[in-house]
Amino acid sequence: MIIDKVHLRAPGNWMNDPNGFIYYRGEYHLFYQYFPYGPVWGTTHWAHAVSKDLIHWKHLGIALFPSKDYDRNGVFSGSAVEVDGRLYLYYSAVKYLEADPENIHIPLDNRFETSQAMIVSEDGFTFDNWKDKKKILPVCTREEEADAVHTRDPKVWKDCDGYYMILGSTVKSEQGRVLFYKSKDGVQWEYASQYRHPACGNILECPDLFQVGDQWVFTGSPMGVIRDGKNYAEQAVCSLAEFQKDTCALKFQGEPEYMDWGLDLYASQTNLDREGNRVMIAWIRMPKPVEEPGKTPWRGMMCLPRVIEVKEGQICFLPHPEADRYFSKKLKEQEMPDFSRAFRVKAVLKEQETLDIGGYKITLENGCVKGDRSQVFPQGKEHRLTAKTPAVKGDCHLDIFVDKDLIEIFVNQGKYVLSHAVYGLQPYIKGNVEDIFTGTDKD
Ligand code: FRU
């Protein structure tokens, strides 16, 4: 049995988006997009992991796989709700109209269609892919309602008056749009409304909408938002929003911002944790597989679960309290952490000062926190090697989570977060640190 600590990683081969994230019957369940045959994207399955504390994850293998004509080429992203003690999982079902003859796991020229489907599980551990799946929204042929190809990633939530579904879509692959459907029972769905905004890019993926206190917050992953010629023009964004429950009318308040300024984080999903906090988890993209002795090469991981709060009109992302509990062993002054495990560094950075963690450099430049991974990332014009946050005012407190393959920097209590995938960190730290904490595990 594979146990991951702190960050859930692909157990070999390929991982992308988190799916069906839910606290259910005393445990966190997290599914994710998984391709079992190599460290590349292809015919997606939902693999499954569970955790009691969002820190230690037990991999349980594949839960959902193609079994119906309508999902024969992929069980795409989706979400979970608990209904009368059972787990309802919603997903997008993909069928290729033409596959690439040289790689049947990808479509030729985007020739595919998408419907929305669900599967019901009695206990969150057994999934009958033959008996318990159901198509709930057929491929849409009315372009004014939805796109037949790119309409996906149902995020469903329950409210007192029924169930709501938000979907990502597009108008002719040119303008991203958000769609809403409503249901009384979570099974029969009716179209409710849609919303278009330039921040939805040309295709919107993995939208989510929820309340933090009384404030509605939208998160989503639009394609085509950055046009700098580098890889990954797709970037996760968030925005405060207005939402009318009766009509499903949505409106962003102000301009959407990046959820994470490192620009590796994508396809986020949120749900409530055991204590009722709104928690976000997302996929961290990796440009190449990690090869470790005795292990199948793997590619893709999840970020640390982050609590979403709205402070003075700004959406903040904080490390989950379980991470505080876990990283509570303080090292002695001058003591170096073990770089083969995750650890946490707290530091206050002054203007022009640099903290170098194993070759990854963090500098405060004109009030902006800059992360530079030039020494610990594959080189190439297509990769973004540096990134920075907007300027912060006053002191710059950093709370940094360092793992072998990922560095996550929380600035001033989650005002901004900058995360970078890294390869081959060296075991040293140069610069002023306040404290270093390691995990509480004995082994
Ligand atoms: C986002 C995404 C989703 C889709 C899934 C397919 O990364 O493209 O829109 O459902 O990945 O793996």
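In the block above lies the structure referred to throughout.
The model shown is predicted, which means the values in this text are computed figures rather than measured ones. Going along each chain's sequence as written, the residues are numbered from 1 onward. Under the rules for a predicted model, residues below a pLDDT of 70 receive no local features and side-chain atom pairs below 80 are neither given nor counted, while totals for whole chains, interfaces and linings still include all residues. Only hydrogens and water are set aside when side-chain values are computed; all heavy atoms of the structure are taken into account.

K.L.:
Account for the overall build of the protein chain, with residues named and values stated.
P.N.:
The numbering of helices and of strands both runs from the N terminus, where a helix is a DSSP run of H or I of at least 4 residues and a strand a run of E of at least 2. Check the secondary structure of the protein chain and you find one helix and 36 strands. We take the radius of gyration over the C-alpha atoms and set the globule estimate at 2.2 Å times the residue count to the 0.38 power. Over its C-alpha atoms the protein chain spans a radius of gyration of 21 Å, differing by no more than 12% from the 22 Å that the globule rule assigns to 443 residues. For the protein chain, the C-alpha atoms occupy an extent of roughly 60 × 50 × 45 Å along the three principal directions. Sorting the 443 residues of the protein chain into buried and exposed places 60% on the buried side. Taking the intrachain contacts of the protein chain between residues at least 6 apart in sequence as the baseline, contacts between residues at least 24 apart amount to 56%. In these tables, accessible area is a Shrake-Rupley quantity obtained with a 1.4 Å probe, and a residue counts as shielded only by the protein chains included in the view. Within the structure as shown, the protein chain displays about 18100 Å² of accessible surface, and the carbon and sulfur contribution to it stands at 49%. For the charge count, each Lys or Arg is scored as positive and each Asp or Glu as negative, with His and the chain ends excluded. By convention, the point assigned to a charge is CZ for Arg, NZ for Lys, CD for Glu and CG for Asp. Side-chain charges in the protein chain split into 54 positive and 64 negative, and the spacing between the mean points of these groups amounts to 1 Å. Categorising residues by exposure relies on relative accessible area from a 1.4 Å probe, with only protein chains included: less than 20% of the type maximum marks a residue as buried, more than 50% marks it as exposed, and the intermediate range marks it as partly exposed. Note on contacts: a residue pair qualifies if any of its non-hydrogen atoms lie within 4.5 Å across the two residues.

K.L.:
Residues and numbers for the pairing of strand S13 (residues 162-171), please.
P.N.:
The buried fraction of S13 is high, at ten of ten residues. Two strands qualify as a pair provided DSSP detects at least 2 bridges between them. Relative to S13, strand S12 (residues 152-159) runs antiparallel, the two sharing six bridges. Of the residues in S13, the one forming a bridge with Trp157 is Tyr164. Counting the residues between successive antiparallel strands, the hairpin from S12 to S13 contains two residues.

K.L.:
Can you lay out the packing of aromatic side chains for me, pointing to particular residues and giving the numbers?
P.N.:
Two measures describe an aromatic ring pair: the distance that separates the ring centres and the angle between the ring planes. Think of it this way: a Phe, Tyr or Trp ring, Trp meaning its six-membered ring, pairs with another when their centres are within 6.5 Å, and the plane angle makes it stacked under 30 degrees, edge-to-face over 60, tilted otherwise. Evaluated as defined, the whole model comprises 28 aromatic pairs. Aromatic pair Tyr266 and Trp283: ring centres 6.3 Å apart, planes at 65 degrees, arrangement edge-to-face. Placement of the pair is Tyr266 in strand S20 (residues 265-272) and Trp283 in strand S21 (residues 278-284), with a sequence separation of 17 residues. You'll find Tyr266 and Trp283 in the same group, each marked buried. A network of ring pairs unites the aromatic residues Trp157, Tyr164, Phe180, Trp216 and Phe243 as a single cluster. Charge-over-ring contacts are defined here by two conditions on Lys NZ or Arg CZ: a distance within 6 Å of the ring centre and an angle within 35 degrees of the ring normal. In this structure, Lys133 packs its charged tip against the face of Phe65, placed 5.9 Å from the ring centre. In this structure, Lys430 is placed above the aromatic ring of Tyr428, and the distance from its NZ or CZ to the ring centre is 4.8 Å.

K.L.:
Describe the sheet that holds strand S5 (residues 56-64), listing the residues and the values that go with them.
P.N.:
Here we have six strands laid out as an open sheet, ordered S1-S5-S4-S3-S2-S22, and mixed in their pairing. Both outer strands of the open sheet, strand S1 (3-5) and strand S22 (298-299), are each paired with one neighbouring strand and no more.

K.L.:
Which residues make up the nonpolar core, and what values go with them?
P.N.:
Counting 51 residues, the largest nonpolar core has Leu8, Leu265, Met280, Phe317 and Phe327 as its most contacted members. The element that contributes the greatest number of residues to this core is S21, accounting for five residues. By nonpolar core is meant a set of buried Ala, Val, Leu, Ile, Met, Phe, Trp, Tyr and Cys residues that side-chain atoms within 4.5 Å join together.

K.L.:
Residue-level account of the side chain of Asp356, with values.
P.N.:
Residue position: Asp356 is located in strand S28 (residues 354-357). Note on Asp356: relative accessible area 6%, which makes it buried. Polar contacts here mean pairs of N or O atoms no more than 3.5 Å apart (in protein, one a potential hydrogen donor and the other a potential acceptor; neighbouring residues in sequence count only if both atoms are side-chain atoms). Among the polar contacts listed, one links the side chain of Asp356 to the side chain of Tyr428, at a separation of 3.1 Å. Those residues in contact with Asp356 that lie beyond four places of it in its chain are Lys361, Tyr428, Ile429 and Lys430.

K.L.:
Describe a nonpolar patch on the surface, and please don't skip the residues or the numbers.
P.N.:
A surface patch of nonpolar side chains, about 420 Å² in accessible area, is lined by Met1, Ile3, Leu60 and Phe125. Counting through the fold element by element, Ile3 comes out in strand S1. The exposure class of Ile3 is partly exposed, given its relative accessible area of 47%. Only residues whose relative accessible area exceeds 30% and that form no salt bridge are eligible for patches; like-charged ones are grouped when within 9 Å, while nonpolar side chains (Val, Leu, Ile, Met, Phe, Trp, Tyr) are grouped when within 5 Å. Salt bridges are defined as contacts in which a side-chain nitrogen from Lys or Arg sits within 4 Å of a carboxyl oxygen from Asp or Glu.

K.L.:
An account of unusual backbone geometry is needed here, citing residue identities and associated values.
P.N.:
Phi is positive for Asn13, close to 65 degrees, though the residue is something other than glycine. Tracing the sequence through the fold places Asn13 in strand S2 (residues 13-24).

K.L.:
Can you tell me about the pattern of salt bridges, naming the residues and giving the values?
P.N.:
Summed over the entire model, instances satisfying the criterion amount to 32 salt bridges. A salt bridge links Glu275 to Arg274, with the nearest nitrogen and oxygen atoms 3.7 Å apart. Across the salt bridge formed by Lys295 and Glu292, the nearest N and O atoms sit 3.1 Å from each other. On the basis of relative accessibility, which here comes to 17%, the residue Glu292 falls in the buried class. Counted as one network, the salt bridges with shared partners bring together Arg9, Glu292, Lys295, Asp403, Lys404 and Asp405.

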